[in-house]
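Structural features, examined
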Amino acid sequence: MSRMLHPREQQLLGLLMGLVCFPHLLMQPPWLAIALSLCVIIFCSLTPLLRSKIPAWLSVTLAILSLGVVFQAHQSLIGREGGVAILVALSIIKLYETRTLRDAHSMFLLSLFTTGAGFLQGQAPWQAAVALITFLAILSLALKLENPLLSIRISTQTSFRLLLEAIPIALLLFLLFPRLPTPLWSTPSETVGLSGLSGEQMSPGSLSQLIKDDSIAFRAEFTQNTPSQDQLYWRGPVFDQFDGERWLPTRNAYGTTPQIIALGPNVDYQITLEPHQQNWLLALDLPTKAPNDAALSRQLQLLRSTPVTQRLRYQASATLKWQTVGDEGVTQALKLPSKINPKSRALANSWQHLPPAERVEAALDWLRNNGFTYTLNPPLLRQRDRIDEFLFQSKQGYCEHFSSSFAFLMRAADVPARIVTGYQGGMLNPGGNYYIVRQADAHAWVEVWLAGQGWQRVDPTFVISPSRIESGLGNSFQGAALPMMLRSDNFWLKTLRLNLDVFVNNWNQWVIGYDDKRQLDFLKKLGIDDFLSWKFLLWLGAGLLLSLGSFTLWLLLSNRPPPLDLASLLYQRYCRKLAKRQLSRAPHETVLQFAARCQAALPEQAAEIETITQLYIQARYAQDQQALLALKQAISHF
């Protein structure tokens, strides 16, 4: 029968469960996190008498209540959010019926599973460190409860040593254990998307609301031919339908892709894209080579068949100067709702006598010379003719205001136009030689179609605020309430965060990004082409033998007895002489006990035995050099 837990052991279990659940509680709604935290605090605060009298029905009642509150918080009991929340709630409630060592074993298993579930929320370095600390705490308390005589310090040291011993084998299995291209299981897809650029619509105000969001959208690294800041246009969703207020994407994005003729060198790069729960990818404008699992749409947008639900790394190529041929949907890019924005239409009609390219320049000149202001806080447009309101009244806007108005003017001037959203610029991290592009870098520009050139980029924001494109947001809004990483001050804090991001990026590339493709590339460097080949088995076996052999050697060396001093060596010689007379020293015998037994067996040499024993004690424990010399002579003559 399993023993009962001591009150102190129950308290330690409560504290352990609090540590295990703490990272998960940070992800919960505040009211739910407070309620579950109170459950842990109350359990640890109960007196031993009250804790022993907790009725069984209380745990059942709390479990049923937890189902309700978790469903109220997440509208689901399954999936990543709801499933993890109910796991945490039931694990905490399990404390109230934990009384025996067998119950503690169940709590340890629940704690390990709950710790592993933390990686469903994210796999950042800090989350791995928290999981490692939590695992150390679980192992330490498990050892303590199995052997109550152990102190917390000794059980923690033992657990730490066990973790260190497991690291070589864990690294070996991480590198060599076969990885599958798709997981064996996954949680149901979450319906809530992440904040950031939207591929569903664009309207005035949709991008300016991202200006205070300094979360990372993606990281980009160039192999060579790094473009300048004003050439870093990262192409995302394309909108070619206008309903008078919003710009919408085309219903059928797939079709014949226009031919792209590069008029300059190709730029090769790789992107590490953060999950955004949508099926489009970002690419340097204009993409000429798509990743393997994506394709270019008719609007020259990179699309995947599935949403980006986890961090994605891909390679692509682009050209900074181009011509497109065989464009479809040019007539679609001329459509406008009727009977809206009459002033803008009249302005565009005044350019009809010009060639299309000159109409574009005329519109840019008009924006440049009519007192427009680039601002983070544009006034809300409320009238029915919102383009007219912006162009002729407010004249204050963000990039989406200028791109939307410019695209309308171009269509009204009979020049095909559409809006492209994405990101512009980026911050170079010199420590890792890659660019960090944040949500605050979101941008919108216009593409116009010109005969003989195809779709060409025109950015009306550039004529209003050239510094936004050439130097970034930080130099465009001096003194504005920008995120810290986009401002020009706080140099040392920015440097610290950039150095930290180098570590995070390397973690993402070489730990989280170590997938089946990277593993195969690594194995090929070792001369392994197949997991069933003898070379793979040889490397795996050699690695295991090396790890286990090193561990065995370390155990032998660490447990090796200390070298004997000269007095002990002389005494061993004396013992061997007595052993020849059938007087062997037993392991449990002290020196004096052995001497008494030998004196009884050899009464004629009792005086010599007494002398040798006393000399040995003086030489060994009193460090008497004279006694050591006398001992050597006495044993020689014995």
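A quick note: this is a predicted structure, and the numbers were derived from the prediction, not measured. (Residues numbered from 1 in each chain as written. Predicted model: local features only at pLDDT ≥ 70, side-chain atom pairs only at ≥ 80, totals over all residues. Heavy atoms only, no water.)

**Some details on the packing of aromatic side chains**
Tallied over the entire structure, the rule returns 21 aromatic pairs. With a centroid separation of 5.0 Å and 25° between ring planes, the pair formed by F174 and Y514 is classed as stacked. Of this pair, F174 sits in helix α8 (residues 152-176) while Y514 sits in the loop between α16 (491-512) and α17 (516-525), and the two are 340 residues apart along the sequence. Its relative accessible area of 26% is what places F174 among the partly exposed residues. (Phe/Tyr/Trp six-rings, centres within 6.5 Å; stacked < 30°, edge-to-face > 60°. Helix = DSSP H or I, 4+ residues; strand = E, 2+ residues; numbered from the N terminus. Buried < 20%, exposed > 50% of the residue type's maximum accessible area, 1.4 Å probe, protein only.)

**Section: a nonpolar patch on the surface**
The grouping of F22, L26, M27 and W126 at the surface amounts to a nonpolar patch, some 440 Å² of accessible area in total. Among the structural elements, M27 can be located in the loop between α1 (7-25) and α2 (30-45). A residue is classified by how much of its surface remains accessible, and M27, at 36% relative accessible area, is partly exposed. (Patch = residues over 30% accessible without salt bridge, like charges linked within 9 Å, V, L, I, M, F, W, Y side chains within 5 Å. Areas by Shrake-Rupley, 256 points an atom, 1.4 Å probe, with all protein chains shown as cover. Salt bridge = Lys/Arg side-chain N within 4 Å of Asp/Glu carboxyl O.)

**Observations concerning the confidence of the model for the protein chain**
On average, residues of the protein chain score 86 in pLDDT, and 94% of them are at 70 or above. Contacts from residues 189-194, a stretch scored under 50 in pLDDT, to residues over four places away or in other chains number 8 contacts. (pLDDT = per-residue confidence, 0-100. Contact = heavy atoms within 4.5 Å.)

**Let's talk about the environment of R311**
By the secondary structure assignment, R311 is in the loop between β10 (302-304) and β11 (312-319). For R311, a relative accessible area of 32% translates into the label partly exposed. Distance from R311 to T272, taken between C-alpha atoms, is 6.9 Å for residues 39 residues apart in sequence. If we skip the residues at most four places from it in the chain, R311 touches T272, L273, E274, P275, N508 and I512. Here E274 takes part through its side chain, which lies 3.0 Å from a polar atom of the side chain of R311. Within the structure, the side chain of R311 is placed 3.4 Å from the side chain of N508, a separation counted as a polar contact. (Polar contact = N/O pair within 3.5 Å; in protein donor to acceptor, adjacent residues only side chain to side chain.)

**Section: empty space enclosed by the protein**
This model, assessed by the stated rule, comprises 4 cavities of 30 Å³ or more. There is about 170 Å³ of room inside the largest cavity. Lining the largest cavity we find 14 residues, and of these P23, H24, G118, Q127 and V130 sit closest to its centre. Within the residue set of the lining of the largest cavity, elements represented by two or more residues are α1, α6 (101-117) and α7 (125-146). Broken down by element, the lining of the largest cavity gets its largest block of residues, 5 residues, from α7. Per-class residue counts for the lining of the largest cavity are 7 nonpolar, 7 polar and no charged. Here the second largest cavity defines a volume of roughly 70 Å³. Elements with a contribution of two residues or more to the lining of the second largest cavity: α11 (386-394) and α12 (399-412). Split into classes, the residues belonging to the lining of the second largest cavity amount to 5 nonpolar, 4 polar and 2 charged. (1 Å grid on protein atoms, 1.4 Å probe; cavity = no way out; pocket = protein on both sides within 12 Å on 5 of 7 lines; lining within 4 Å. Points joined across faces, edges and corners; volume = space filled by probe spheres on them. Nonpolar A, V, L, I, M, F, W, Y, C, P; charged D, E, K, R; others polar.)

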